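# What the coordinates show
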Amino acid sequence: MMVSQHACNQNKLFSMNLSAPFISQFFKDPLMQLLPYADIVFGNETEAATFSKEQDFKTEDVKEIAKRIASLPKENQKRSRMCVITQGRDPVLVAQDGVVKEYAVIGFDNPDDIVDSNGAGDAFVGGFLAQLVQGNSVDECVRCGNWAAHIVLQRSGCTFPEKADFK
């Protein structure tokens, strides 16, 4: 909590991840205490659906859930919150300022190319943030996040080749 408050007071970007459905279920109060400090909230479709249910949003529409998460009360009013929801092979959703933009993911011609999905969401967030800290656009952040997840899906465990070839 101290880190989130420090980030807010210093106008530093603070991001968080919904992490897993059980977080929204069993750690609802701490999550909702932290959320007002988050500038970016990441999650997947299952985490978003559980969050919606636990917050009584009364919707299962992932786009609507993303918009609502983005519009929840926020401490730092100098920038609006962005909510980024991954959905497996369905488009990534980015909600901000009442608008949801969809981004296609990198598909697989052969489903057997998918070796292990563990860590794919974390890889997405890492790729996204790697571009964000370089000052790149949200479009480029999502493109790199998708690239990183695509690489991890083709390997056992959350691993990368020795040399990354993101261009």
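Residues numbered from 1 in each chain as written. Predicted model: local features only at pLDDT ≥ 70, side-chain atom pairs only at ≥ 80, totals over all residues. Heavy atoms only, no water.

## Section: the overall build of the protein chain
Which entries qualify depends on this criterion: The helix and strand labels rest on DSSP assignments: H or I over at least four residues marks a helix, E over at least two residues marks a strand, and numbering proceeds from the N terminus. In this description the radius of gyration comes from C-alpha coordinates, and the expected globular size is given by 2.2 Å times residues to the power 0.38. Accessible area is worked out with a 1.4 Å probe on protein chains only. A residue is then buried under 20% of its type maximum, exposed over 50%, and partly exposed in between. In this description, contact between two residues means that some pair of their heavy atoms is separated by no more than 4.5 Å. Note on areas: these come from Shrake-Rupley sampling with a 1.4 Å probe, and a residue is covered only by the protein chains present in the view.
Scanning the protein chain for helices and strands turns up 7 helices and 5 strands. Reading the helices (α) and strands (β) of the protein chain from amino to carboxyl end gives α-β-α-α-β-α-α-β-β-β-α-α. Whereas a compact globule of 167 residues would reach a radius of gyration of roughly 15 Å, the protein chain reaches 16 Å, a difference of no more than 12%. When the backbone C-alpha atoms are referred to their principal axes, the protein chain occupies close to 45 × 35 × 30 Å. Per-residue burial over the protein chain gives 40% buried out of 167 residues. Taking contacts inside the protein chain between residues at least 6 apart in sequence as the whole, the part at least 24 apart equals 58%. With an accessible surface of roughly 9,500 Å², the protein chain has 50% of that area assigned to carbon and sulfur atoms.

## What to know about the pattern of salt bridges
Side chains that differ in sign of charge can pair as their charged atoms come close. What counts is decided by this rule: In the sections that follow, a salt bridge refers to a side-chain nitrogen of Lys or Arg positioned within 4 Å of a carboxyl oxygen of Asp or Glu.
Across all of its chains, the model carries 9 salt bridges by this definition. One salt bridge connects Asp56 with Lys58, and the closest N-O pair in it is separated by 2.8 Å. Of the two residues, Asp56 and Lys58, neither departs from the other in class, the shared state being exposed. Each of Asp39, Lys74 and Arg79 takes part in a single network of salt bridges with overlapping partners.

## Section: the sheet that holds strand 5 (residues 99-103)
Quick note on the threshold: In short, DSSP must find at least two bridges between two strands for them to pair. Axis lines are fitted through C-alpha atoms, for helices just across the contact stretch, and the angle between N-to-C directions can take any value from 0 to 180 degrees.
The strand order across the open sheet built from 5 strands is 1-2-3-4-5, with neighbouring strands paired in mixed fashion. The open sheet terminates on both sides in strands that have one partner only, identified here as strand 1 (15-17) and strand 5. Between one strand axis and the next, the sheet turns through 20° on average, direction left out of account. Here 5 bridges tie strand 2 (residues 40-44) to strand 3 (residues 82-87), and the two strands are oriented parallel to one another.

## Quick notes on the packing of helix 6 (residues 120-132) against helix 7 (residues 138-153)
Rules: Note: crossing handedness is left-handed where the near helix turns anticlockwise from the far helix by less than a right angle, and right-handed where it turns clockwise. Ten residue types, Ala, Val, Leu, Ile, Met, Phe, Trp, Tyr, Cys and Pro, are classed as nonpolar, four, Asp, Glu, Lys and Arg, as charged, and the remainder, Gly among them, as polar.
Viewed as axis vectors pointing N to C, helix 6 and helix 7 meet at an angle of 145°, and their least axial separation amounts to 7 Å. As helix 6 packs across helix 7, the resulting crossing turns out to be right-handed. Between helix 6, through Ala120, Ala123, Phe124, Gly127, Phe128, Gln131 and Leu132, and helix 7, the contact on the second element is made entirely by Glu140, Cys141, Val142, Cys144, Gly145, Asn146, Ala148, Ala149, Val152 and Leu153. Looking at the contact of helix 6 with helix 7 residue by residue, the class counts come to 12 nonpolar, 4 polar and 1 charged.

## Here's the deal with unusual backbone geometry
Even without being glycine, Asp56 reaches a positive phi, approximately 60°. Here Asp56 lies in the loop between helix 4 (45-54) and helix 5 (62-71). Unlike most non-glycine residues, Asp97 shows phi in positive territory, near 55°. Along the chain, the position of Asp97 falls in the loop between strand 4 (90-96) and strand 5.

## What to know about the state of the cysteines
In plain terms, the rule: The disulfide criterion is simple: two cysteine sulfur atoms within 2.5 Å.
Under the defined criterion, the tally for this structure stands at 0 disulfides. With no disulfide of its own, Cys83 lies 15 Å from the sulfur of Cys141, the closest cysteine sulfur. Relative accessible area serves as the criterion here: at 0%, Cys83 is assigned to the buried category. Left without a disulfide partner, Cys158 is nearest to the cysteine sulfur of Cys144, which lies 13 Å away.

## Observations concerning the packing of aromatic side chains
What characterises a pair of aromatic rings is the spacing of the ring centres plus the angle enclosed by the ring planes. The cut-off we apply is this: When the centres of two rings from Phe, Tyr and Trp lie within 6.5 Å, Trp using its six-membered ring, the rings pair. Their planes under 30 degrees apart give stacked, over 60 give edge-to-face, and anything left gives tilted.
With the rule as written, the count across this model stands at 6 aromatic pairs. Considering the side-chain rings of Phe22 and Phe27, the 6.3 Å spacing of their centres and the 70° angle between planes classify their relative orientation as edge-to-face. Taking relative accessible area as the criterion, Phe22 reaches 42% and is therefore assigned partly exposed. The interplanar angle of 40° and the centroid separation of 6.1 Å between the aromatic rings of Phe124 and Phe128 together place this pair among those described as tilted. Of the two residues, Phe124 and Phe128 both sit in helix 6, 4 residues apart, roughly one turn of that helix. Following the ring pairs from residue to residue traces out a cluster consisting of Phe42, Phe124 and Phe128.

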